[in-house]
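Tertiary structure, described
Here is how the chains run, residue by residue.
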Amino acid sequence: MKNIFELLKNKKILITGGTGFFGKWLIKFFFEFNNLLNLDAKLFVLSRNPSKLYEIFPWLKNYNYIKFIKGDVRNFKFFKEKISYFIHGALPATYTQIEPLELLDIGINGTKRVLEFAKYCEAEKFLFISSGVIYGKQLFNGKKILENSFGSLKIDPKNPKIYYTEAKRIGELLCYGAMKEWGLNIVIARCFSFIGPFMPLDAHFAIGNFIRDALKGGPIVIESDGTKITSYMYAEDLAYWLWTILLKGKPGEAYNVGSEKEISLKELAKKIAEIYAELTGKKVCIIIKKQPEPGKIPERYVPSTEKAKKELGLKETISLEEAIKRTFKFYQTFQGALPEFQSLSK
């Protein structure tokens, strides 16, 4: 069977948001399959600060098929190369660390600019990286979120998450509009929760905070009551799914990306503490800041990925336990610059 990545042979690809958590893993995958399959493809990465990536991967400068373009996604200049494939993910998921209006501006005007460039290039395919937050609050009925199901969404201007949510929602609408008016082939990936090297440990992501707390010797602090149910996919699977959705996904369709294996935050903290003890011989305690309210229905954030599995043949390959071990080992040994990307997978 023909490898789907061979569709990229001699093609030019653009990634926006390439210096973030997702971007690093997308670049890693490109680096590996471009070399393995001798694709002679060329990757362009748009970033406001490409030097950040060179600090971590200085050896990338030795490869002329990966080129970093310095620019703001909202107003970058169109460059001469005609890009065939686009992956647009330039919106900080660390929304608590950026001003709301800035977040909206990047999400809306940045997406418009990249879509205009895709039109200019007469792009073959465009992947918009969206988020599971656009579904709103998930009802606790034992069912996972389908691509056509939406929960309730409260517009609370004091909650920074709502600005991120609306930026993704509008981004999707802009993509559908560009499909209708300009004939672009656009597919959408709605991403949920993930774990792996380069995930931020100091943002609002619970799993990153728990790993950070353990690495500091504990305690692992759960700021909530620990009853929220979520799921986590390893970054290596995430990257493979995103590339596959770009290449095989049906234009006009959205696909959930994430794990279906549910776990509460309380259980997650316990698992992280156990794995940390297994790796280091050191125990850490767990502190839960709040008590569950009587009769309160736990929050859920778990996707159904049946569509991606059936239509695109995707599956998870790395267990949560293995993902936690790999992430711990990475942060225990990471010293700044890294050797080639293969070191991230073990």
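Before reading on, note that the structure itself is shown above.
What comes next is a walk through the structure. Sequence positions are assigned chain by chain, starting from 1 and proceeding in written order. Since the coordinates come from a predicted model, pLDDT governs what is reported: local features require at least 70, and pairs of side-chain atoms require 80 or more to be given and counted, while whole-chain, interface and lining totals use all residues. Hydrogen atoms and water are omitted, and side-chain values are computed over all heavy atoms in the structure.

Here a strand is any run of E in DSSP of at least two residues, a helix any run of H or I of at least four, and the numbering for each starts at the N terminus. Scanning the chain from terminus to terminus reveals 9 helices and 14 strands. Expressed along its principal axes, the backbone C-alpha trace of the chain runs to roughly 60 × 45 × 45 Å. Exposure is judged per residue with a 1.4 Å probe applied to protein chains only, and the accessible area is read against the type maximum: over 50% gives exposed, under 20% gives buried, and values in between give partly exposed. In the chain, which comprises 346 residues, the share counted as buried stands at 52%. Note on contacts: a residue pair qualifies if any of its non-hydrogen atoms lie within 4.5 Å across the two residues. Here the contacts in the chain between residues at least 6 apart in sequence split such that 82% fall between residues at least 24 apart. Counting every atom, the chain has about 16,300 Å² of accessible surface; 51% of that belongs to carbon and sulfur. Positive charge is attributed to Lys and Arg, negative charge to Asp and Glu, and no charge count is given to His or to the chain ends. Here the site of a charge means atom NZ of a Lys, CZ of an Arg, CG of an Asp or CD of a Glu. One finds the centroid of the 53 positive side-chain charges in the chain at a distance of 1 Å from the centroid of its 37 negative side-chain charges. Only the protein chains shown count as covering a residue, and every accessible area follows the Shrake-Rupley method with a 1.4 Å probe.

Our focus in this paragraph is the sheet that holds strand β11 (residues 254–257). Remark on secondary structure: sheet strands pair via backbone hydrogen bonds, oriented parallel or antiparallel. Strand pairing is assigned whenever DSSP detects at least two bridges linking the two strands. Strand order across the open sheet formed by 7 strands is β3-β2-β1-β4-β5-β6-β11, with parallel pairing between neighbours. With one partner strand each, in any of the chains shown, β3 (66–70) and β11 form the two edges of the open sheet. Taking each pair of neighbouring strands and ignoring which way they run, the sheet shows an average axis angle of 20°. Note that strand β5 (residues 125–131) and strand β6 (residues 186–191) share 6 bridges and pair parallel. Lines are fitted to the C-alpha atoms to define the axes, a helix being fitted only along its stretch in contact, and any angle between axes, read from their N-to-C directions, falls within 0 to 180 degrees.

Turning next to the environment of Thr94. Within the secondary structure, Thr94 sits in the loop between β4 (85–88) and α3 (100–121). Once the C-alpha coordinates of Thr94 and Asp202 are considered, the two residues, 108 residues apart in sequence, prove to be 9.2 Å apart. Sequence-distant contacts of Thr94, that is, excluding residues within four places in its chain, are made with Pro200, Ala203, His204 and Phe205.

Here the focus is helix α6 (residues 235–248). Residue count minus one, scaled by 1.5 Å, sets the expected span of a helix. Compared with an ideal rise of 1.5 Å per residue, which puts 14 residues at 20 Å, α6 spans 20 Å between its outermost C-alpha atoms and is within 8% of the ideal. Among the 14 residues of α6, 11 are classified as buried, and the element is accordingly described as predominantly covered. Where α6 is concerned, the buried positions are Ala235, Asp237, Leu238, Ala239, Trp241, Leu242, Trp243, Thr244, Ile245, Leu246 and Leu247.

Quick look at the packing of helix α5 (residues 206–215) against helix α7 (residues 265–280) now. The geometry of α5 relative to α7 is characterised by a closest axis approach of 10 Å and an angle of 35° between their N-to-C directions. Every pair of crossing elements has a handedness; the one defined by α5 and α7 is right-handed. Mapping the contact onto sequence places Ala206, Ile207, Phe210, Ile211, Ala214 and Leu215 in α5 and Leu265, Leu268, Ala269, Ile272 and Tyr276 in α7. Handedness of a crossing follows from how the near helix is turned relative to the far one, being left-handed for an anticlockwise turn of less than a right angle and right-handed for a clockwise one.

Our next topic: the pairing of β11. Both faces of β11 are covered, namely the face carrying Ala254 and Asn256 and the face carrying Tyr255 and Val257. With 4 bridges connecting them, β6 and β11 associate as parallel partners. Its bridge partner being in β11, Cys191 is matched across the sheet by Val257.

A few words on the packing of α3 against helix α4 (residues 160–182). Their axes nearest at 9 Å, the elements α3 and α4 cross at an angle of 15°. In terms of orientation, α3 and α4 fall into the roughly parallel class. In this structure, α3 meets α4 at a crossing whose hand is right-handed. In this structure, α3 contributes Pro100, Leu103, Leu104, Gly107, Ile108, Thr111, Lys112, Leu115, Glu116 and Lys119 to the contact, and α4 contributes Pro160, Tyr163, Tyr164, Glu166, Ala167, Ile170, Gly171, Leu174, Cys175, Ala178 and Trp182. Roughly parallel covers angles under 35 degrees, roughly antiparallel covers those over 145, roughly perpendicular covers 65 to 115, and oblique covers all other angles.

On to unusual backbone geometry. For the bond from Gly218 to Pro219, the omega torsion is 0°, close enough to zero to count as cis. Tracing the sequence through the fold places Pro219 in the loop between α5 and β8 (220–222). The residue Asn10 is not glycine, and still its phi comes out positive at about 65°. Relative to the assigned elements, Asn10 resides in the segment before β1 (12–16). In this structure, Asp40 is a non-glycine residue whose phi angle is positive, near 55°. The topology assignment puts Asp40 in the loop between α1 (21–36) and β2 (42–47). Given the relative accessible area of 58%, Asp40 is considered exposed.

Our focus in this paragraph is the pattern of salt bridges. Two side chains carrying opposite charge are able to pair once their charged atoms lie near each other. What makes a salt bridge here is a side-chain nitrogen of Lys or Arg within 4 Å of a carboxyl oxygen of Asp or Glu, nothing more. Throughout the structure, instances matching the rule amount to 20 salt bridges. With its nearest N and O atoms 3.8 Å apart, the salt bridge here joins Arg48 to Glu102. Of this pair, Arg48 sits in the loop between β2 and α2 (51–56) while Glu102 sits in helix α3, and the two are 54 residues apart along the sequence. Take Arg48: its relative accessible area is 44%, and that puts it in the partly exposed class.

What follows deals with the packing of aromatic side chains. When the centres of two rings from Phe, Tyr and Trp lie within 6.5 Å, Trp using its six-membered ring, the rings pair. Their planes under 30 degrees apart give stacked, over 60 give edge-to-face, and anything left gives tilted. What the rule picks out here adds up to 31 aromatic pairs. Between Tyr54 and Phe68, the ring centres sit 4.9 Å apart and the planes meet at 70°, which makes this aromatic pair edge-to-face. Note that Tyr54 is positioned in helix α2 and Phe68 in strand β3, a separation of 14 residues in sequence. The exposure class of Tyr54 is partly exposed, given its relative accessible area of 22%. The interplanar angle of 85° and the centroid separation of 6.0 Å between the aromatic rings of Trp59 and Tyr63 together place this pair among those described as edge-to-face. Trp59 sits in the buried class, given a relative accessible area of 11%. To sit over a ring, a charge needs its Lys NZ or Arg CZ within 6 Å of the ring centre and within 35 degrees of the ring normal. Directly above the ring of Tyr120 sits Lys82, whose terminal nitrogen or CZ lies 5.0 Å from the centroid.

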